[in-house]
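Spelled out, the chains give:
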Amino acid sequence: MKLCVALDLPSAKENLALANSLKDFDIWLKVGFRSYIRDGKEFLIQLKQINPNFKIFLDLKLYDIPNTMADAALEIASLGVDMFNLHASSGKIGMQTVMNRLESLEKRPLVLAVTALTSFDNDTFKDIYCENIDTKATKFAKDSFEAGLDGVVCSAFESLDIKNNTSKQFITLTPGIRPFGEDAGDQKRVANTKIAQEQLVDFIVVGRPIYKSDNPKEVVSKILKSI
Ligand code: C5P
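Residues numbered from 1 in each chain as written. Predicted model: local features only at pLDDT ≥ 70, side-chain atom pairs only at ≥ 80, totals over all residues. Heavy atoms only, no water.

The subject of this paragraph is the pattern of salt bridges. With the rule as written, the count across this model stands at 14 salt bridges. D150 is paired through a salt bridge with R108; the nearest N and O atoms lie 2.8 Å apart. Pair noted here: D150 is in the loop between α6 (133-146) and β6 (151-153) and R108 is in the loop between α4 (92-102) and β5 (110-114), with a separation of 42 residues, a long-range link. Exposure remark for R108: the relative accessible area of 33% places this residue in the partly exposed category. (Salt bridge = Lys/Arg side-chain N within 4 Å of Asp/Glu carboxyl O. Helix = DSSP H or I, 4+ residues; strand = E, 2+ residues; numbered from the N terminus. Buried < 20%, exposed > 50% of the residue type's maximum accessible area, 1.4 Å probe, protein only.)

In structure tokens:
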């Protein structure tokens, strides 16, 4: 299981300082809306300058018509990131179009589909998708698998079912992880690292429990020891 640290701090300076304090660890870094909209491509270059072995997950959750998503996917691939994502609810054709467009590249990033946001509880999810979260998350995952994606973003509680319905190699990445029972914040379906391991999760994403702590390096070290 790999650890992916969410760089969701309010400035590039703070995110770079955090990355710098974690430069000796074998980890992934997640760059989301906040950082990418504000700090752009230059920020990604700066992260790789801190440690060229840092892997970068660009969490922009694309959702648009197939051609527009495929154009964006090509632009993302040209940034040299290692992984990005889109919404499974953008549809199977859109996902296939993205994968077909990336096929021509010599090297492409991993592509994951978001099934259900971990901030949704079942009622909120059902209001939007008219189905229970667990069954629909697995259906979204099957669509993503059939469209040729590499994996999905899901809650730790859905990982095993998704793998059983697709393939053990189909990647699951789970946010909403509170390694040692920290405050959930806006997340509704939170799990600890033990649950993630039991569910054969490939990547855990941890944000606030790391960057809000007084000693992020110590928290990361503790998490890495426990996974
Ligand atoms: O601070 P916390 O550990 O809750 O951060 C989780 C990170 O994962 C945030 O950057 C959030 O945007 C992201 N994320 C999520 N749920 C998803 C996809 C991404 O929480 N389904």
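That covers the picture; the talk isn't over yet.
Under the 1.5 Å per step criterion, the end-to-end length of helix α3 (residues 66-78) is 19 Å for 13 residues, consistent within 8% with the ideal 18 Å. Taken together, the buried positions of α3 are occupied by M69, A70, A73, I76 and A77. Looking straight down α3, one finds its buried side chains confined to an arc of 120 degrees; they lie on one side. Opposite the packed face of α3, turned more than 90 degrees from it, sit the exposed residues E75 and S78. Along its buried surface, α3 packs onto β3 (55-62), β4 (83-87) and α4. Directly after α3, the chain includes G80, whose backbone phi takes a positive value near 80 degrees. (Expected span 1.5 Å × (residues − 1). Arc of directions from axis to C-beta. Contact = heavy atoms within 4.5 Å.)

A word on the packing of α3 against α4. Remark: α3 packs on α4, axes separated minimally by 8 Å, with the N-to-C direction vectors making an angle of 40 degrees. When the axes of α3 and α4 are compared, the pair comes out oblique. Handedness of the α3/α4 crossing: right-handed. Of α4, the residues touching α3 (which contributes P66, N67, M69, A70, D71, A73, L74 and A77) are I93, G94, M95, T97, V98, R101 and L102. Looking at the contact of α3 with α4 residue by residue, the class counts come to ten nonpolar, three polar and two charged. (Axes fitted to C-alpha atoms, helices over the stretch in contact; angles between N-to-C directions. Parallel < 35°, antiparallel > 145°, perpendicular 65-115°, else oblique. Left-handed = near helix turned anticlockwise from the far one by under 90°. Nonpolar A, V, L, I, M, F, W, Y, C, P; charged D, E, K, R; others polar.)

What the rule picks out here adds up to zero disulfides. A disulfide-free cysteine, C154 has its sulfur positioned 14 Å from the sulfur of C4, the nearest such atom. Residue classification places C154 among the buried positions, given a relative accessible area of 0%. (Disulfide = S-S within 2.5 Å.)

The next point concerns the side chain of T172. Along the chain, the position of T172 falls in strand β7 (residues 171-174). For T172, a relative accessible area of 0% corresponds to the buried category. Of note is the side chain of T172, whose polar atom sits 2.9 Å from the side chain of S159. Discounting residues that sit within four places of it in the chain, T172 has contacts with V152, C154, S159, I162, K163, L200, V201, D202 and F203. (Polar contact = N/O pair within 3.5 Å; in protein donor to acceptor, adjacent residues only side chain to side chain.)

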